[in-house]
Amino acid sequence: MTVLSEKTDVTGDDHVMARPGTPLVEVRDLAKTFDVSAPWLNRVVERKPRQFVHAVDGVSFTIERGRTLALVGESGCGKSTVARLLVGLYEPTRGEVRVDGEDIATTLKGPHALTLRRRMQMIFQDPYASLNPRWKVQDIVAEPLREHALVRDVGELKRRVGELLQSVGLSPADAEKFPHQFSGGQRQRISIARALATQPEFLVCDEPTSALDVSVQAQVLNIMKDLQRDRGLTYLFISHNLAVVRHVADQVGVMYLGRLVEQADKRALFATPRHPYTRMLLDAIPDIRMTGRSRTPVQGEVPNPLNPPSGCSFHPRCPHANARCGAERPALLELPGVGIRVACHAVEEGRI
Ligand SMILES: Nc1ncnc2c1ncn2[C@@H]1O[C@H](COP(=O)(O)OP(=O)(O)O)[C@@H](O)[C@H]1O
Ligand code: SF4
Ligand SMILES: [Mg+2]
């Protein structure tokens, strides 16, 4: 028997039905193209064509409730674009994002937009840039509560902000301070407290610890894990660093030039990486245990996204590339029975 759990929201005037059995997040064939053409007059005078960047091109994945999918890949591969598409900051060029079975593009245009926004929040890389320096922490953390009209009076607002600060290991007294009075790690905790204010279920975290020292990164990651356990949060966690991902992910998706090239359970991905690009990223981590493979150091540069290579876009950097790789783009295929998806001709052909 399926039991529908009914979740009443904080104000009690609206409700959100969770649909058990469906993944919280489903992304299908998501694509975002940016027009980066020069202005019209320049194009005409200089005889330049229009130019497009396919920042995200045909990405599909699901995230189960209470789990973490980490997306990794070098700078420029489309991670932040995926993040923004997932919370509705960008409209997709193609494809769809479903949260709890609802197409967010449709919902965000309708009467339940605010309810949906409350359910998903984003944490950005740079807590220096994302916190208003002129505002006290009290006002920063309280802003979403005000925007969504989730509290009735000033006393309640103070109490809620105090609780939120405590939930990220800060003190209620910190509410009276300004962002510059905190360290980078503490500032990121303030961003997290703010993101939690609306009691979201889904958090999109775009390189949340990349601007922090290594020792501080671990503290913030631990807080995020505790919050996930206590509140059943679902995370999309974005990082360019596989070593960071190892601490937080359940599933890992590896992106290259706007596409997913491998997705697997974290353990499988670290134990037996299949895609040559995943192997290259793993080999760049100094303290990772090796499984008898010889190391391939990271080689070459990410190609220009305005002019991506033909076929498999990784082929100019790949030690296993052959003629087919330069001509034909590999599809993301599921390996039978192991829940791993890989886009590589050599894997499909059993060459590696
Ligand atoms: N608003 C935008 N306008 C034009 N190009 C963009 C925009 N945002 C991202 N891009 C381009 O899309 C690609 C992916 O960028 P991004 O999603 O920021 O990657 P990542 O977060 O992995 O570094 C890059 O080539 C970037 O230059
Ligand atoms: S498809 Fe070819 S070029 Fe691309 S990763 Fe696989 S072997 Fe390398
Ligand atoms: Mg980014």
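Since the model is a prediction, treat every value here as computed from it, not as a measurement.

Novice: Give me the lowdown on the sheet that holds strand 7 (residues 102–103), citing residues and values where you can.
Specialist: As a general point, the strands of a sheet are linked pairwise by backbone hydrogen bonds and lie either parallel or antiparallel. Here four strands make up an open sheet; going across it, the order is 4-3-6-7 and the pairing antiparallel. With one partner strand each, in any of the chains shown, strand 4 (52–63) and strand 7 form the two edges of the open sheet. Where strand 3 (residues 25–35) meets strand 4, nine bridges bridge the pair, whose relative direction is antiparallel. If you follow Leu30 over to strand 4, its bridge partner there is Val59. Against the sheet, helix 2 (residues 79–86) contacts strand 3, strand 4 and strand 6 (94–99), and its axis sits at roughly 120° relative to strand 3.

Novice: Hey, could you go over the site of ligand 2 for me, with residue numbers and the actual values?
Specialist: What surrounds ligand 2 is a group of 13 residues, the closest being Cys312, Cys318, Cys325, Cys344 and His345. Residue classes in the shell around ligand 2 are distributed as nine nonpolar, four polar and no charged.

Novice: Quick rundown of the packing of aromatic side chains? Include the residues and the values.
Specialist: Geometrically, a pair of aromatic rings is defined through the distance of the ring centres and the angle of the planes. All told, the structure shown has four aromatic pairs when counted by the stated rule. With a centroid separation of 5.1 Å and 80° between ring planes, the pair formed by Tyr256 and Phe314 is classed as edge-to-face. Remark: Phe314 occurs in the loop between helix 12 (276–283) and helix 13 (323–327) and Tyr256 occurs in strand 11 (residues 251–256); sequence separation between them is 58 residues. Overall, Tyr256 belongs to the buried group, its relative accessible area being 2%. A relative accessible area of 1% means that Phe314 is categorised as buried.

Novice: Help me get a handle on the confidence of the model for the chain, residues and values and all.
Specialist: Overall, the predicted model of the chain reaches an average pLDDT of 91, with 91% of residues at or above 70. Confidence over residues 1–15 falls short of pLDDT 50; this stretch has 23 contacts with residues more than four positions distant or in other chains.

Novice: Just give me the short version of unusual backbone geometry, but keep the residues and values in it.
Specialist: Of note in this structure, Arg47 is not a glycine but carries a positive phi near 50°. A positive phi is found at Asp100, a non-glycine position, where the angle reads about 55°. Its place among the elements puts Asp100 in the loop between strand 6 and strand 7.

Novice: Which residues make up the pattern of salt bridges, and what values go with them?
Specialist: Under the defined criterion, the tally for this structure stands at 24 salt bridges. A salt bridge links Arg50 to Asp35; the nearest nitrogen and oxygen atoms lie 2.5 Å apart. Here Arg50 is found in the loop between helix 1 (40–46) and strand 4, whereas its partner Asp35 is found in strand 3, with 15 residues between them in sequence. Residue Arg229 pairs with Asp226 through a salt bridge whose shortest N-O separation is 3.5 Å. Of this pair, Arg229 and Asp226 both sit in helix 9 (residues 214–231), three residues apart, which is roughly one turn of that helix. Bridged by salt links that share partners, the residues Arg324, Glu328, Glu348, Glu349 and Arg351 form one connected network.

Novice: Hey, could you go over helix 8 (residues 184–196) for me, with residue numbers and the actual values?
Specialist: Given a rise of 1.5 Å per residue, 13 residues ought to cover 18 Å, and the 19 Å separating the end C-alpha atoms of helix 8 matches this to within 8%. For helix 8, the tally of buried residues reaches eleven of 13 residues, placing the bulk of the element in the interior. Looking only at helix 8, the buried set comprises Gly184, Gly185, Arg187, Gln188, Arg189, Ile190, Ser191, Ile192, Ala193, Ala195 and Leu196. Buried residues belonging to helix 8 abut strand 8 (120–123), helix 5 (127–130), helix 6 (137–147), helix 7 (154–167), strand 9 (202–206) and helix 9.

Novice: Outline the site of ligand 1, listing residues and values.
Specialist: Around ligand 1, the surrounding shell holds 14 residues, and the nearest of these are Gly76, Gly78, Lys79, Ser80 and Thr81. One of the side-chain nitrogen or oxygen atoms of Lys79 is found 2.8 Å away from an oxygen atom of ligand 1. Contact with the protein chains hides 67% of the accessible area of ligand 1, taken as 550 Å² for the molecule alone. Mapped onto the shell around ligand 1, the elements with two or more residues apiece are strand 4 and helix 2. With three residues, the top contributor of residues to the shell around ligand 1 is helix 2. Here the shell around ligand 1 is built from residues that sort into seven nonpolar, five polar and two charged.

Novice: Explain the packing of helix 6 against helix 7 residue by residue, including any values.
Specialist: Contact geometry of helix 6 with helix 7 gives a least axis separation of 10 Å together with a crossing angle of 110°. Accordingly, the angle class assigned to the pair helix 6 and helix 7 is roughly perpendicular. Every residue of helix 7 that contacts helix 6 at Val137, Gln138, Val141, Ala142, Leu145 and Arg146 is listed here: Leu157, Lys158, Arg160, Val161, Leu164 and Leu165. Its residues assigned to classes, the contact of helix 6 with helix 7 comprises eight nonpolar, one polar and three charged.

Novice: Go over the state of the cysteines, please, and point to the residues and values.
Specialist: By definition, a disulfide links the sulfur atoms of two cysteines through a covalent bond. Counted by the stated rule, this structure contains zero disulfides. Considering cysteine sulfurs only, Cys77 is the nearest to Cys205, which forms no disulfide, with 17 Å between them. For Cys205, a relative accessible area of 0% translates into the label buried.

Novice: Account for the packing of helix 6 against helix 8, with residues named and values stated.
Specialist: Axis separation between helix 6 and helix 8 bottoms out at 7 Å; the angle between their running directions is 30°. Judged by the sense of rotation from one axis to the other, the crossing of helix 6 with helix 8 is right-handed. Each of Val137, Ile140, Val141, Glu143 and Pro144 in helix 6 lies in contact with helix 8, whose residues at this interface are Ile190, Ala193 and Arg194. The residue makeup of the contact of helix 6 with helix 8, split by class, is six nonpolar, no polar and two charged.

Reading guide: rules and limits
Residues numbered from 1 in each chain as written. Chains lettered and ligands numbered in written order. Predicted model: local features only at pLDDT ≥ 70, side-chain atom pairs only at ≥ 80, totals over all residues. Heavy atoms only, no water. Pairing = 2+ DSSP bridges. Helix = DSSP H or I, 4+ residues; strand = E, 2+ residues; numbered from the N terminus. Contact = heavy atoms within 4.5 Å. Axes fitted to C-alpha atoms, helices over the stretch in contact; angles between N-to-C directions. Near = heavy atom within 4 Å. Nonpolar A, V, L, I, M, F, W, Y, C, P; charged D, E, K, R; others polar. Phe/Tyr/Trp six-rings, centres within 6.5 Å; stacked < 30°, edge-to-face > 60°. Buried < 20%, exposed > 50% of the residue type's maximum accessible area, 1.4 Å probe, protein only. pLDDT = per-residue confidence, 0-100. Salt bridge = Lys/Arg side-chain N within 4 Å of Asp/Glu carboxyl O. Expected span 1.5 Å × (residues − 1). Polar contact = N/O pair within 3.5 Å; in protein donor to acceptor, adjacent residues only side chain to side chain. Areas by Shrake-Rupley, 256 points an atom, 1.4 Å probe, with all protein chains shown as cover. Parallel < 35°, antiparallel > 145°, perpendicular 65-115°, else oblique. Disulfide = S-S within 2.5 Å. Left-handed = near helix turned anticlockwise from the far one by under 90°.

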